[in-house]
Every structure is written in C-alpha cells, then in structure tokens.
Amino acid sequence: MTNTNGATARHFVQAASLGALRKSGYLTVQVEGHTVALFEHQGQVYGVDNRCPHMGFPLDKGSVNDGILTCYWHYARFDLATGGAFDQFADDVRAFPVEVRGDEIWVDVAPKVDARTHQRDRLRVGLERDIPLVIGKAVLTLLDNNGDPVEPFRTGLRFGAEYRQRGWGQGLTMLVCMMNLLPHLAAEERPRALYQGLAAVARDCAGSPPRFYVRPLPGEAADFTTLKRWFRRFIDVRDAEGAERCIVSAIHAGADHRQMADMLFSAVTDHRYIDVGHPLDFTNKAFEALDIAGWELAEPVLTSLVMGYADAARMEESNAWRHPIDLVGLLEESFATLPQALANAPARGDSLADRDALVDTLLNGEPPDTVAALVDALRAGSSMETLAGIVAYAAALRIARFHTSNEFGDWDTALHTFTFANAVHQGLRRAPSVELLRGVFDAAMSIYLDRFLNMPAARLPTPNGRTDGQHALTGLSSLLNQQQQVNQAGQAVAHHLYGGGDPAALRAHLGALLLREDRDFHTIQSVEAAFRQHERLQANNPQGAEAVNVLVAAGRYLAAHAPTVRAQGQTYQIASRLHRGEAVAEEE
C-alpha cells in the first residue's frame, strides 16, 4: 500500500500487551503472517523479525545488551533499533516500527524493502567478502519468478574483471561455463549453477588487490591495423601495459567484437600452446561472456586477459615440443604454407571427404603426417571451422579412451588439449583468420603428445542392440557416488544414447551430477566443452558415434572426479531452505 506521494503507508496492527512483554523482557508474537520478536530495552519497545537473516535461528533465543541483539547460533550482532547487522555474513534483520498505546503494543507490518533491490546489493557483498551463503540467497531471489540470470551474471563478470589484479582467471571461466550450461539444465538446477559460478569468482578474487585500468592513447587513435600490430609486438616482448593500452584505444576508436577477437586471437597464437591452452580458452570465454552481458563491458573484460598473455609459458621453451622431434620448427614451416593452401583451394565446404582417416592420423600418426594431412584438408576445400571441429573431436577421444592405469593427474593433460581445441573451434566460428588457424595445428601436436594416455586405450562403448536407453540414466547417479566408476559411467552414457534415449535429458542429467559436487575448474571446463561439441555433432548426425563419444568423454571425466565433499551443495541447500521460509535450526 502506498500513499499519493509514493511512500509506503503505515499499517499498524495490535500485537501484544505491554504487561505480557514485561514479564520476561521479550515476547514472540504472530502478526499478519510475520513472526515478530518484541524486546523491552532501556525503557523502549523494539520489534524485529524473529528469523536470524543468516540461517534462520530464532532471535528470541538470543540476548540484548547495550542496544545490540546477538543471535546465539553464529553470534551475529544487530542494532536492535534499526536491524542493521554488524557482521556482513548475516544481513540486516527486518526491524518493525513499534508504538505503545497505553498497555497495547502496536507493530507496523507495512512492506518496507524491495527484496530484489536488496539482494542485488547483497550479491555484491557476497562477492566482495567471499561469502557463498550470501551469494546463494541473492541468486535465488534474483532468479525467482523467472528472473533474468543475465543481471547477476553481469555483476559477477564486472566484479571478477575489476577485482583480481592478475586479471581473468579460473573463477570467471567457471562463471561463463555455468552460464553456458543453463539452457541444458532443468529449471530448478539453474540457480545452483549460477550460484556456483559466482561463488567461484568470489573465491578467485579473495585477497587480491583490484586491477586498475590503463587509459586510451590521447587524441585520435592509430588505425586498427596498427594497433593490432603493436599489440602483438608488446605481447611478444611481455609488455602487458603497452598491450593493454592498445586494447583500450581500439575499443574507444570503435573496433567491434570481430575486430577485437581477431586482435586477441592472433596474439594468443603467436606462440605455441601457451600455458597449456588456458589463455586461449580464457579469451574464448571472455567473448562468450560479452555475447551474454553486452559489449559495454568490453574494456574491463578484454583488458583482464592481457597479463595472462604476457606472462604465459611458451611451448617454444618446452623440451617436449623440441625433442626428440622439433614440433615448433615443423609447425613454423607449415604456417608459411597456409595462405597459399587457403587461396588455391576450391570453394570451401562444411564437410570433409574422409573424416575418419584424418581422425586416425591425428590420434595415431607421426607429426609430419599429421601436419601434412591438415594442410591437405585445407587444400581440398575444408573450411577452417570444419577442420577445427575434427581436431576438437580427436582431442575428446583422448578422454573417452583414457585408460585408468594412467596417473590421476594425467586426466588434466588430456583435458587441457580438449578445452584448447574447443576454444580454437569456437574462435574460428567467431573470427576466422590464418593466425588463429595456427591453433588448430597446435592442438593437433598436443593430441600427438598425449598419445601415451591411450596406451593401452580404453574401449569405446558400442551399440548393444537394446532400446531401453531412457532407463540407463537411473544408475548413473549411483555410479558417481562411488570412486573410479569411469568405464561404467561411459557405458551408461552410451547405452542411453544408443538405446534411443533423449540427448537433452542426458545433458541435463550430467549437468545435475556436475553441480552436486564441489567441482574443480577442469571438470566444469570438460562438461561445458563436451556439451558444446555434442550439440554441433548431433545436429550434423543425430545417430552418429561422434556425438555419443564426446558425451562418453564427459561422463568418464565426471566419474573420475567423483565423489567429493559436496560442501557447496550443502551451503546452497541451506540458502534454498531459507529462501522457501523453512526452518534450518530445528531438532531432529
């Protein structure tokens, strides 16, 4: 109810007698659906919501001293008069205006705070102070009643880009992965995914100084081609400040998302497979984030990538890429042939005459044969995007065929190649260039170096003739409650798909299994990249083995990294119960 001036009108309701309150100094009453704790302190009567805003503990079980109400569960402290919290993990408790009329206590229960506005502010507090429960409660409110997830996503994206001195990191990548997964998830799982992504940003930024922007060049900026050339040169000599100024100047001069993608992808592939592919994957995720959040955040987001470029380890410096075969030298020779191979080829198409032969070469061939096969495919008319997709699929097969006799850490080796190859593929779809095409060849060499992970190779699941695929999902959750059910999980995924099960239902189920664990960065990357590749392959050949195998890879990777402590899930469940108004503190 509001008055003609737009202010909320008061609505006082008789709540209790002053005599009843004075018998003990406090009293809990029900007033039009509100549970109000009344306190008499220093001659004044005060009323607050009896649920502690932290985790719902009854505040009438606390104590008042010197105007401060203390909850006895986690010792959160509140100003009794205003409800303001002194502990940011707790949030302010609602204070109800009180009037004493003779022996009657009247409480004003008119609405005072817009919940969504309040939770926007609380989300910022949760990010600043790395408080997952605060983040969870904010997300649940902001996504309630079909709320737009882009709003909290933008808040987290800007925060992560501005408050981590080293710039883009795992937290922001996890946030974008989770946002990309939302369409695949059941509606009830989407707030959980966004909560986990935002909590990852807060965790990644905790304890870090903020990042300060570099200003654009004064006056009229140089043309884009010059800024791109300077940018690549500055990255080459590890000059992050100079490179960052080129980005800011290009954006201020009006460069669009394709031009900026061309600038950054060119620089991130000037050196071979830098930092096992993370900077290029981060670049792809940054542009995907801007697709969602809007180009107005381009400056803080894209400049956050620069330090990762300048400081990255380069495979030119790696023994494995130099001996016993000089892979770097071999690649440099092949790169010189790419412009001519592209220029002289027939009309480019989205298919390749013998995909299986190229995949076999990628997995089993020697480096000169692999490089030659890639160049020949371009000369035959394969598009850069198609070639990148085939390489990404071969990288997924390394995971699908990963043998559990390998050391556990080797899962990450295969994962890095796959997520890098996926990022190159997505980048070429956005801004194809000869420079970024080099990343396809880098990924192919990494696939070669990962060959020991498939010696011996785990068998790929095959059709078993059954048509009850929908029932294969029922046992997958149980499998992932046990350690090292890798092959069994892969078989369950294949059984579902080969048996006629709904691929969308499988992706939703795998997404739910991802979210129930305290997942690490790499596991989230693996599932998101597999879903991306699966959608493409399923569209081209719905019944094909390639589409099945990339989800087999995702299922096997999930199983290898389960179960975990699941602390994130417990925090989210507490936030959910509080959001629904349920009691968290109750006797069992």
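Residues numbered from 1 in each chain as written. Predicted model: local features only at pLDDT ≥ 70, side-chain atom pairs only at ≥ 80, totals over all residues. Heavy atoms only, no water.

Details of the overall build of the chain
For the chain, the helix and strand inventory stands at 25 helices and 10 strands. For the chain, the spread of C-alpha atoms along the principal axes amounts to about 95 × 70 × 45 Å. Counted over contacts in the chain with a minimum sequence separation of 6, partners at least 24 positions apart contribute 72%. Element-wise, carbon and sulfur atoms account for 48% of the exposed surface of the chain, whose accessible area totals about 24,600 Å². (Helix = DSSP H or I, 4+ residues; strand = E, 2+ residues; numbered from the N terminus. Contact = heavy atoms within 4.5 Å. Areas by Shrake-Rupley, 256 points an atom, 1.4 Å probe, with all protein chains shown as cover.)

Concerning the pattern of salt bridges
Taken as a whole and assessed by the stated rule, the structure comprises 32 salt bridges. Asp-376 is the salt-bridge partner of Arg-379, the closest N and O atoms lying 3.6 Å from each other. Linking Arg-379 with Asp-376, this pair stays in helix 16 (residues 367-379), spanning 3 residues, or about one helical turn. Assessed through its relative accessible area of 44%, Asp-376 is described here as partly exposed. Sharing partners across several salt bridges, the network here consists of Arg-232, Asp-270, Glu-435 and Arg-438. (Salt bridge = Lys/Arg side-chain N within 4 Å of Asp/Glu carboxyl O. Buried < 20%, exposed > 50% of the residue type's maximum accessible area, 1.4 Å probe, protein only.)

Looking at the packing of helix 13 (residues 327-335) against helix 19 (residues 434-449)
Two numbers describe how helix 13 lies on helix 19: the axes approach to 11 Å, and their chain directions differ by 150°. Considered as vectors, helix 13 and helix 19 are oriented roughly antiparallel to each other. As helix 13 runs across helix 19, the sense of the crossing is right-handed. Contacts from Leu-327, Leu-331, Ser-334 and Phe-335 in helix 13 reach Arg-438, Phe-441, Asp-442, Met-445, Tyr-448 and Leu-449 in helix 19. Split by residue class, the contact of helix 13 with helix 19 holds 7 nonpolar, 1 polar and 2 charged. (Axes fitted to C-alpha atoms, helices over the stretch in contact; angles between N-to-C directions. Parallel < 35°, antiparallel > 145°, perpendicular 65-115°, else oblique. Left-handed = near helix turned anticlockwise from the far one by under 90°. Nonpolar A, V, L, I, M, F, W, Y, C, P; charged D, E, K, R; others polar.)

Examining the pairing of strand 10 (residues 104-108)
In terms of burial, strand 10 is a largely internal element, 4 of the 5 residues being buried. Inspection of the sheet shows strand 1 (residues 12-17) paired to strand 10 by 5 bridges, in the antiparallel sense. Note that in strand 10 the partner of Ser-17 across the bridge is Glu-104. Both strand 9 (residues 98-101) and strand 10 contribute to a ladder of 4 bridges, which runs antiparallel. Following the sheet pairing, Val-100 is matched in strand 10 by Ile-105. (Pairing = 2+ DSSP bridges.)

Quick look at helix 6 (residues 190-205)
Its 16 residues give helix 6 an end-to-end C-alpha distance of 23 Å, which sits within 8% of 22 Å, the value for a rise of 1.5 Å per residue. Burial within helix 6 is extensive, with 13 of its 16 residues counted as buried. Following helix 6 by one or two positions, Gly-207 adopts a phi angle in the positive range, close to 80°. (Expected span 1.5 Å × (residues − 1).)

Some remarks on the nonpolar core
Among the nonpolar cores identified, the biggest contains 160 residues, and Trp-168, Phe-231, Met-260, Leu-264, Leu-302 and Phe-441 are the most heavily contacted of them. Beyond its immediate sequence surroundings of up to four residues, Met-260 is in contact with Phe-224, Ile-247, Ala-250, Ile-251, Ala-255, Phe-287, Trp-295 and Leu-302. (Core = buried A, V, L, I, M, F, W, Y, C linked by side-chain atoms within 4.5 Å.)

A few points about the sheet that holds strand 2 (residues 26-31)
A sheet is described by the order of its strands in space; here 4 strands give the open sequence 2-3-4-8, paired in antiparallel fashion. Single-partner strands in this sheet number two, and they are strand 2 and strand 8 (95-96). Bridging between strand 2 and strand 3 (residues 34-41) involves 6 bridges; their strand directions are antiparallel. Within the sheet, the bridge partner assigned to Val-29 lies in strand 3 and is Val-36.

Digging into the packing of helix 5 (residues 170-181) against helix 6
Packing of helix 5 against helix 6 leaves a shortest axis separation of 7 Å and a crossing angle of 170°. Relative to helix 6, helix 5 is oriented roughly antiparallel. For the pair helix 5 and helix 6, contact is made by Gln-170, Gly-171, Leu-172, Met-174, Leu-175, Met-178 and Met-179 and by Ala-193, Leu-194, Gln-196, Gly-197, Leu-198, Ala-200, Val-201, Arg-203 and Asp-204, respectively. When grouped by side-chain class, the residues that make up the contact of helix 5 with helix 6 number 10 nonpolar, 4 polar and 2 charged.

Concerning the layout of surface pockets
Gaps between atoms show up when a probe of the same size as a water molecule is rolled over them. The volume enclosed by the largest pocket comes to roughly 1,100 Å³. By volume, the second largest pocket amounts to about 380 Å³. Of all the secondary-structure elements, those providing two or more residues to the lining of the second largest pocket are helix 3 (132-142), helix 6 and helix 25 (567-579). When grouped by side-chain class, the residues that make up the lining of the second largest pocket number 8 nonpolar, 3 polar and 6 charged. (1 Å grid on protein atoms, 1.4 Å probe; cavity = no way out; pocket = protein on both sides within 12 Å on 5 of 7 lines; lining within 4 Å. Points joined across faces, edges and corners; volume = space filled by probe spheres on them.)

A word on the sheet that holds strand 1
In spatial order, the strands read 1-10-9; together these 3 strands make up an open sheet with antiparallel pairing. Single-partner strands in this sheet number two, and they are strand 1 and strand 9. Going from strand to strand, the sheet's axes swing by 30° on average, the running direction of each strand aside.

Here we look at unusual backbone geometry
Of note, the bond from His-323 into Pro-324 is cis; its omega dihedral lies within 30 degrees of zero at 0°. Looking at where Pro-324 falls in the secondary structure, it is placed in the loop between helix 12 (306-310) and helix 13. Here the bond from Met-455 into Pro-456 is cis, since omega is 0°, no more than 30 degrees from zero. Relative to the assigned elements, Pro-456 resides in the loop between helix 19 and helix 20 (476-479). Its identity is not glycine, yet Gln-42 carries a phi of approximately 55°, on the positive side.

Re the environment of Leu-297
In this fold, Leu-297 is placed in the loop between helix 10 (278-293) and helix 11 (298-303). Looking at Leu-297, the relative accessible area reads 1%, which means it is buried. For Leu-297, the residues in contact, after removing those within four places along its chain, are Arg-154, Leu-157, Arg-158 and Leu-290.

A short note on the side chain of Asn-50
Considering the arrangement of structural elements, one finds Asn-50 in the loop between strand 4 (44-49) and strand 5 (63-65). Owing to a relative accessible area of 8%, Asn-50 belongs among the buried residues under this scheme. Ignoring sequence-local partners within four residues, the contact set of Asn-50 consists of Thr-28, Thr-35, Ala-37, Phe-57, Pro-58, Leu-59 and Asp-60.

Things to note about helix 17 (residues 384-400)
With 17 residues, helix 17 extends 24 Å from end C-alpha to end C-alpha; this agrees with the ideal 24 Å at 1.5 Å per step. The element helix 17 is largely enclosed, with a buried count of 16 among its 17 residues.

Describing the environment of Asp-410
Position of Asp-410 relative to the elements: it lies in helix 18 (residues 410-430). Between the C-alpha atoms of Asp-410 and Cys-71, which are 339 residues apart in sequence, the distance is 48 Å.

Section: the packing of aromatic side chains
Under the definition given, this model contains 12 aromatic pairs. Judged by centre distance (5.5 Å) and plane angle (45°), the rings of Phe-57 and Trp-73 are tilted. In this pair, Phe-57 is assigned in the loop between strand 4 and strand 5 and Trp-73 in the loop between strand 6 (68-70) and strand 7 (77-79), connecting sequence segments 16 residues apart. The exposure class of Trp-73 is partly exposed, given its relative accessible area of 32%. By the ring-pair criterion, three or more aromatic residues cluster together here, those being Tyr-273, Trp-321 and Phe-420. Against the face of Phe-12 rests Arg-101, its NZ or CZ located 5.4 Å from the ring centre. Positioned over the ring face of Trp-106 is Arg-101, at 4.3 Å from the centre of the ring. (Phe/Tyr/Trp six-rings, centres within 6.5 Å; stacked < 30°, edge-to-face > 60°. Lys NZ or Arg CZ within 6 Å of the ring centre and 35° of its normal.)

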